[in-house]
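# Remarks on the overall topology
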Amino acid sequence: MRKIWKYSIGAAAALILALVAVNWIYHAVSRDEWDIQRAAVAVAYEKTALTKTNWVERFVGDKTYTVISGEDKLGRPLYVWVGGEGELRSEMAASGVDGQALAEQVKAKHAGAEILRVTPGIQNDKPVWEIFYKYTPEGQKQEQHFYDYYQFYDGAWIDTWRLSIQ
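Described below are features of the structure shown in this document. Predicted, not measured: the structure shown is a model, and the values here were computed from it. (Residues numbered from 1 in each chain as written. Predicted model: local features only at pLDDT ≥ 70, side-chain atom pairs only at ≥ 80, totals over all residues. Heavy atoms only, no water.)

Taken together, four strands build an open sheet; the order of strands is S5-S6-S7-S8 and the sheet is antiparallel. Of all the strands in the sheet, the pair left with one neighbour each is strand S5 (114-123) and strand S8 (157-163). Pairwise comparison of adjacent strand axes, ignoring direction, gives a mean angle of 20° for this sheet. In terms of strand pairing, S5 meets strand S6 (residues 126-135) through nine bridges, oriented antiparallel. Bridge pairing links Arg-117 to Phe-132 in S6. This element, helix H2 (residues 99-109), spans S5, S6 and strand S7 (144-151) of the sheet and lies at about 40° to S6. (Pairing = 2+ DSSP bridges. Helix = DSSP H or I, 4+ residues; strand = E, 2+ residues; numbered from the N terminus. Axes fitted to C-alpha atoms, helices over the stretch in contact; angles between N-to-C directions. Contact = heavy atoms within 4.5 Å.)

This is the structure we're talking about:
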């Protein structure tokens, strides 16, 4: 009976140690990205009408931007893009089309499409919507991933990029 307790305690200690190590590694790897996001939010609060942050993520296009979705002091939705070298841009959500509405258009166009992410971004120095999705094209057996780009202001389609593993 004592051996079972010794092995149980040893296994539990090893499991706890492994969990602590995984947690430490995760935080060490993520710390740089979190620092970039915190700095971008601080700049946005200081230099734009942003007063509340809803979410923050990265957009990688021609350049890399930290995209912040939030609200101004009147509670109106606002997007802020913070790029390298002090580049900053903000747009009221009302000045563009709704990204979720564009995602629904993609789902209607491609039966069975699963939307993975909808992100406002900047391409060719203009605001865009990036819709990342996956589906199996007709006549194909394998699921594929796609990026659709739409103009931010009027929702006009710009381009589709198909990811391939070859």
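Let's pick the thread back up.
Further remarks concern the side chain of His-110. Within the secondary structure, His-110 sits in the loop between H2 and S5. Leave out the neighbours within four places in its chain, and His-110 touches Tyr-133 and Tyr-135.

So, about H2. For H2, every residue scored as buried is listed here: Gly-99, Leu-102, Ala-103 and Val-106. Viewed along the axis of H2, the buried residues span an arc of 105°, placing them on a single side of the element. (Buried < 20%, exposed > 50% of the residue type's maximum accessible area, 1.4 Å probe, protein only. Arc of directions from axis to C-beta.)

On the basis of which strands lie adjacent, the open sheet formed by four strands has the order S1-S2-S3-S4 and antiparallel pairing. With partners counted over all chains shown, the strands left at the sheet margins are strand S1 (52-60) and strand S4 (88-92), one partner each. On average, adjacent strands in this sheet sit at an angle of 20° to one another, irrespective of strand direction. Where strand S3 (residues 77-83) meets S4, five bridges bridge the pair, whose relative direction is antiparallel. Each residue of the ladder has a partner; that of Tyr-79, found in S4, is Glu-91.

Here helix H1 (residues 2-47) is 46 residues long and its end C-alpha atoms lie 65 Å apart, about the 68 Å a rise of 1.5 Å per residue gives. If you look at H1, its biggest bend is around 40°, right at Arg-31. Taken together, the buried positions of H1 are Ser-30, Gln-37, Ala-40, Val-41 and Ala-44. Tucked into the core, H1 has its buried residues touching S1, strand S2 (64-71) and S3. (Expected span 1.5 Å × (residues − 1). Bend = angle between axes of the 7 residues up to and from the residue.)

Membership of the largest hydrophobic core comes to 23 residues, with the highest contact counts inside it found for Phe-59, Tyr-79, Trp-81, Trp-129, Ile-131, Tyr-133 and Tyr-150. Sorting elements by how many residues they give to this core places S6 first, with six residues. Filtering out sequence-adjacent residues up to four positions away, Tyr-150 remains in contact with Leu-102, Val-106, Val-128, Trp-129, Ile-131, Gly-155, Ala-156, Trp-157 and Ile-158. Counting residues in hydrophobic clusters, the runner-up holds eight residues, among them Ala-40, Ala-44, Leu-78 and Val-82. (Core = buried A, V, L, I, M, F, W, Y, C linked by side-chain atoms within 4.5 Å.)

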